[in-house]
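Coordinate inspection notes
The lines below spell out each chain.
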Amino acid sequence: MAASEQLGLSFGAPARKIYAVRELVSTIRTQLERSFTDIYVEGEVSNFRPAESGHIYFTLKDDAAQLRVVLWRSQARLLRFRPENGMQVIARGRVTVYDERGELQLQAEFLEPKGAGALQLAFEQLKAKLAAEGLFDSSRKKPIPALPRRIGIVTSSRAAALRDILNILQRRHESVNVLIYPAQVQGEAAASDVSAGVRYLNRSGKVEVIIIARGGGSLEDLLAFNNEGLARTVAASKVPVISAIGHETDFTICDFVADRRAATPSEAAEIVVAAKQELEEKLFALHKRLLKATQYRLLLARNALTRLTQHSAFARMKDSIARRQQRLDDKLYRMVQAHSQNLARLRRQLEALDSRLRHQDMRVRLGNVGRELSAREVALHAAMANLLAQRRNQLNHPVESLSRTGETLILQKRAQWLGLDRSLQALSPKAVLARGYALVFDESGTLVKEASQLQAGDKVRTELRRGRFISEVGDVEE
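Here the structure is a predicted model, which means the values were calculated and not measured.

Reading the values: rules and limits
- Residues numbered from 1 in each chain as written.
- Predicted model: local features only at pLDDT ≥ 70, side-chain atom pairs only at ≥ 80, totals over all residues.
- Heavy atoms only, no water.
- pLDDT = per-residue confidence, 0-100.
- Contact = heavy atoms within 4.5 Å.
- Core = buried A, V, L, I, M, F, W, Y, C linked by side-chain atoms within 4.5 Å.
- Buried < 20%, exposed > 50% of the residue type's maximum accessible area, 1.4 Å probe, protein only.
- Helix = DSSP H or I, 4+ residues; strand = E, 2+ residues; numbered from the N terminus.
- Pairing = 2+ DSSP bridges.
- Axes fitted to C-alpha atoms, helices over the stretch in contact; angles between N-to-C directions.
- Parallel < 35°, antiparallel > 145°, perpendicular 65-115°, else oblique.
- Left-handed = near helix turned anticlockwise from the far one by under 90°.
- Nonpolar A, V, L, I, M, F, W, Y, C, P; charged D, E, K, R; others polar.

Some thoughts on the confidence of the model for the chain
Mean pLDDT over the chain: 80, with 84% of residues reaching 70 or higher. This stretch, residues 399-403, has a pLDDT under 50; its non-local contacts, to residues over four places away or in other chains, come to three contacts.

Rendered as structure tokens:
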């Protein structure tokens with residue numbers, strides 16, 4: 001008995017846990033999603049690829065590593081910018097695993113370009129500085145005239161905001177006079193242009209109120225209106241200033257310094273030309289109150305619905321649908337790539353066949369053969385003419401200094417040539433004509449061998465031994 005058995009101990013092989021690939025990947029994904037539910041990742045965008053479904057796929061990388069990122073369509077629609085390759089961004093989301101390829105990826109819920117925070121910090125610092133100086137105090141702000149007759153506008157001459165203001169002024173106060181100072185509203189020179197416009201309208205003394213207008217945009221687009229120099233110029237203006245920059249959600253330093261802020265350029269026009277009837281104003285106010293109350297009720301209902309949709313069952317269902325959508329996008333992308341490669345391969349084969357066909361063009365080969373035959377025919381004619389000339393010269397001018405044997409040979413050759421000439425004469429159609437026969441040709445010059453070739457009324461040409469004549473066929477008998 002073994003010593004281990006004597007001591008009452010037994011050692012068996014340890015039990016093994018064997019995972020299926022799907023099970024292991026699912027377990028790892030669950031652990032990752034629990035550990036990294038809400039994180040921020042900073043990196044450079046690369047391999048940016050928006051899908052037809054509306055989802056966005058890209059890679060975040062730095063000097064040492066990279067991470068795949070997916071932004072679902074519902075979050076992608078909320079972006080205020082379009083990511084591009086090479087852009088530095090900060091992504092917020094949770095870490096998960098894409099089961100199909102077993103790859104680690106980040107499901108992003110929010111994306112912002114790096115550097116936007118610095119602009120916001122500068123905005124807040126300038127705002128605090130000017131507020132401490134009292135430039136935002138309501139006590140220093142001037143009232144807006146009820147019905148001004150002369151209005152100054154500082155904006156771009158091509159801006160849509162200018163058209164909106166002019167349309168409202170024309171509709172609600174036709175007799176108002178407008179003085180426009182064209183200025184850049186975006187870019188490095190925008191702040192100085194707008195400041196120059198405010199100072200000019202103050203010096204002119206021709207306007208009772210000034211509107212500074214621009215359409216909406218990002219924080220970078222509205223950077224000129226967060227300029228300290230422009231803010232101090234607006235604060236020093238003796239003419240009341242209305243700031244109509246961007247949309248309702250856009251706030252700039254110019255808005256805080258101005259005597260009145262308008263949510264939109266159109267609202268600025270409505271402020272300077274009040275309604276002619278008090279009833280319209282009250283109805284409009286009631287309408288706004290009703291609209292806000294309705295929006296508030298809708299907001300409460302939306303919040304309640306949002307709380308219901310955040311239930312774990314809905315989250316799992318949404319996540320499952322999103323994964324299937326990702327697999328579909330991946331397969332669609334690979335199918336498009338394979339199709340493009342097949343088209344390129346077929347195009348190369350077609351070009352190769354076309355090149356071979358051009359090299360084997362029968363017209364070119366027949367042309368070459370025809371030119372070669374023509375050249376040989378010309379050479380043959382020249383050789384025959386030369387040979388005949390030599391033979392004729394030998395027959396007509398024999399050399400007297402030849403020996404008797406040579407003379408005999410010449411006489412034999414001459415006799416031979418004379419015999420051949422007599423044979424040719426005997427076989428010649430002309431010799432046949434000399435014996436009383438004739439040759440008949442139709443109008444096309446074809447030799448008539450049978451009566452069936454002719455019809456009554458046809459003209460024929462008859463060749464005799466000496467001369468020819470033309471006659472008309474009266475009757476044909478076969």
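From this point, the discussion proceeds with the structure in view.
Focus on the nonpolar core
Formed by 30 residues in total, the largest nonpolar core has its most connected members in L130, I212, F225, V234 and V257. Elements with a minimum of two residues in this core: α4 (116-132), α6 (190-204), β8 (209-214), α7 (228-236), β9 (241-245) and α8 (253-257). Among the elements that make up this core, the one with the highest residue count is α6 (five residues). Non-local contacts of I212, meaning those with residues more than four positions away in its chain, are made with V154, V194, V198, F225, V234, V241, I242, S243, A244, I245 and C254. Judged by nonpolar contacts, the second largest core, of 20 residues, contains A161, I165, I211 and A269.

Some details on the sheet that holds strand β6 (residues 150-155)
With parallel pairing, five strands are arranged side by side in an open sheet as β7-β6-β8-β9-β10. Strand pairing shows two members of the sheet lacking a second neighbour, β7 (177-182) and β10 (260-261), which therefore form its edges. Where β8 lies against β9, five bridges are found, and the strand directions are parallel. Each residue of the ladder has a partner; that of I212, found in β9, is S243. Contacting β6, β7 and β8, α6 runs over the sheet at an angle of about 165° to β6.

Remarks on the packing of helix α5 (residues 160-172) against helix α9 (residues 265-272)
At their nearest, the axes of α5 and α9 sit 8 Å apart, and the two run at 30° to each other. Judged by the angle between their axes, α5 and α9 are roughly parallel. For the pair α5 and α9, the crossing hand works out as right-handed. Judged by residue contacts, A161, D164, I165, I168, L169 and R172 of α5 engage P265, S266, A269, E270 and V272 from α9. Tallied by class, the residues present in the contact of α5 with α9 amount to seven nonpolar, one polar and three charged.

Thoughts on the environment of V154
For V154, the position within the fold is in strand β6. Under the relative-accessibility criterion, V154 is labelled buried at 1%. Taking C-alpha positions, V154 is 6.0 Å from G197, a pair spaced 43 residues apart along the chain. Contact partners of V154, with chain neighbours within four places excluded, come to Y181, A183, V194, G197, V198, L201, I210, I211, I212 and A213.

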